Amino acid sequence: AQKVTQAQTEISVVEKEDVTLDCVYETRDTTYYLFWYKQPPSGELVFLIRRNSFDEQNEISGRYSWNFQKSTSSFNFTITASQVVDSAVYFCALLTGANNLFFGTGTRLTVIP
Amino acid sequence: DTEVTQTPKHLVMGMTNKKSLKCEQHMGHRAMYWYKQKAKKPPELMFVYSYEKLSINESVPSRFSPECPNSSLLNLHLHALQPEDSALYLCASSQGPGTGRMNTEAFFGQGTRLTVV
């Protein structure tokens, strides 16, 4: 069975604080891809990052960083020095070999000025 | 071109109307998806087309009818919808791990916001 769990429903932080969004996934596939998407109030899904199951290197892109750990089936996302524009719903998603793209339930992040 | 284009952006239709949502991509992706997203919920998978063939139908009512005329186009035909079908309908495409490529991304269109009255 494929499953993506985002246990944090809502998070509020004060601007400039760091925040980590958690994602835990389940799959029996050995080849799969993990994604993070941002959905601002306007509604579109904005691609942030993709990781394949063979690449456990962590990645940093500006204020964003991702920690992929196969041992714990986690793919966590950290925003450093958060800004008001980071306020959005963030979805973690899993793409498996059957071309199924599963989403977690999302985490609503509010950054307070 | 890394875009998935959906038309129309907004659609209001009556319960007896027939309408279609359109999705187009020119990235050579062979997997295309329709998702339905209600307010404050994650996108829910409706259909997956892989190599222009319907590979997944998540028990979607027959009033939603997908069609994939070619590898770049995906349609969703709507007929006799109910008010509870009002939602954001998202199209996505991906290369897919099954093609053997090591890298893939799933790209989403901006969605069609559908209101059934």
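Each remark here, short or long, concerns the structure printed above.
Definitions and cut-offs
- Residues numbered from 1 in each chain as written.
- Chains lettered and ligands numbered in written order.
- Predicted model: local features only at pLDDT ≥ 70, side-chain atom pairs only at ≥ 80, totals over all residues.
- Heavy atoms only, no water.
- Contact = heavy atoms within 4.5 Å.
- Salt bridge = Lys/Arg side-chain N within 4 Å of Asp/Glu carboxyl O.
- Helix = DSSP H or I, 4+ residues; strand = E, 2+ residues; numbered from the N terminus.
- Nonpolar A, V, L, I, M, F, W, Y, C, P; charged D, E, K, R; others polar.
- Buried < 20%, exposed > 50% of the residue type's maximum accessible area, 1.4 Å probe, protein only.
- Phe/Tyr/Trp six-rings, centres within 6.5 Å; stacked < 30°, edge-to-face > 60°.
- Disulfide = S-S within 2.5 Å.
- Pairing = 2+ DSSP bridges.
- Axes fitted to C-alpha atoms, helices over the stretch in contact; angles between N-to-C directions.

Draft legend 1. How the structure looks around the interface of chain B and chain A. On the chain A side, the residues contacting the 27 residues of chain B number 26 residues. Here chain B is connected to chain A by zero salt bridges. Secondary structure elements with two or more residues in the side of chain B that touches chain A: strand E4 (31-37), strand E5 (44-50), strand E9 (87-94) and strand E10 (106-108) of chain B. In terms of residue count, the dominant contributor to the side of chain B that touches chain A is E4(B) (four residues). For the side of chain B that touches chain A, a count of residues per class yields 14 nonpolar, eight polar and five charged.

Draft legend 2. Region of interest: the pattern of salt bridges. Residues and elements named next belong to chain B. Under the defined criterion, the tally for this structure stands at six salt bridges over all chains. For Glu52, the salt bridge identified is with Arg30, shortest N-O distance 2.9 Å. One end of the pair, Glu52, is in the loop between E5 and strand E6 (53-57); the other, Arg30, is in the loop between strand E3 (18-25) and E4, with 22 residues separating them in the sequence. Looking at Glu52, the relative accessible area reads 34%, which means it is partly exposed. Judged by its relative accessible area of 27%, Arg30 falls in the partly exposed class. As a salt-bridge pair, Arg63 and Asp85 come within 2.7 Å of each other at their nearest N and O atoms.

Draft legend 3. Highlighting the side chain of Lys36(B). Residues and elements named next belong to chain B. In this fold, Lys36 is placed in strand E4. Assessed through its relative accessible area of 16%, Lys36 is described here as buried. Contact partners of Lys36, with chain neighbours within four places excluded, come to Pro42, Pro43, Glu44, Met46, Glu84, Asp85, Ala87, Leu88 and Tyr89.

Draft legend 4. Layout of the packing of aromatic side chains. This model, assessed by the stated rule, comprises 20 aromatic pairs over all chains. Centroid distance Tyr37(A) to Phe47(A): 6.0 Å. Interplanar angle 70 degrees. Geometry classified as edge-to-face. Taken together, the residues span a long stretch of sequence, with Tyr37(A) in strand E5 (residues 33-39) and Phe47(A) in strand E6 (residues 46-52) at a distance of ten residues. Taken together, the ring pairs in this structure connect Phe35(A), Tyr37(A), Phe47(A), Phe91(A), Phe103(A), Tyr33(B), Tyr35(B), Phe107(B) and Phe108(B) into an aromatic cluster.

Draft legend 5. Local environment of unusual backbone geometry. Residue Pro8(B) is reached from Thr7(B) by a cis peptide bond, and omega for that bond is -10 degrees. Along the polypeptide, Pro8(B) turns up in the loop between strand E1 (4-7) and strand E2 (10-13). The backbone of Ser73(A) shows a phi angle near 50 degrees, a positive value even though the residue is not glycine. Structurally, Ser73(A) can be placed in the loop between strand E8 (64-69) and strand E9 (74-79). Residue Ser73(A) is classed as partly exposed on the basis of its relative accessible area of 23%. In the Ramachandran plot, Tyr51(B) falls in the positive-phi region, its phi being about 55 degrees despite a non-glycine side chain. As for its position among the elements, Tyr51(B) is in the loop between E5 and E6. Note on Tyr51(B): relative accessible area 44%, which makes it partly exposed.

Draft legend 6. Structural view of the state of the cysteines. Residue and element names in this part refer to chain A. All told, the structure shown has two disulfides over all chains when counted by the stated rule. With a sulfur-sulfur separation of 1.9 Å, Cys23 is cross-linked through a disulfide to Cys92. One quick way to see it: the torsion about the S-S bond of Cys23 and Cys92 is about -65 degrees, and its sign makes the bridge left-handed. Here Cys23 is found in the loop between strand E3 (19-21) and strand E4 (24-26), whereas its partner Cys92 is found in strand E10 (residues 88-95), with 69 residues between them in sequence.

Draft legend 7. Geometry of the sheet that holds E3(B). All names here are of chain B. Pairing within the open sheet is antiparallel, and its four strands lie in the order E1-E3-E8-E7. Strands with a single pairing partner mark the edges of an open sheet, and in this sheet they are E1 and strand E7 (64-70). Direction aside, the axes of adjacent strands within the sheet are offset by 20 degrees on average. Relative to E3, E1 is paired through four bridges, and the arrangement is antiparallel.

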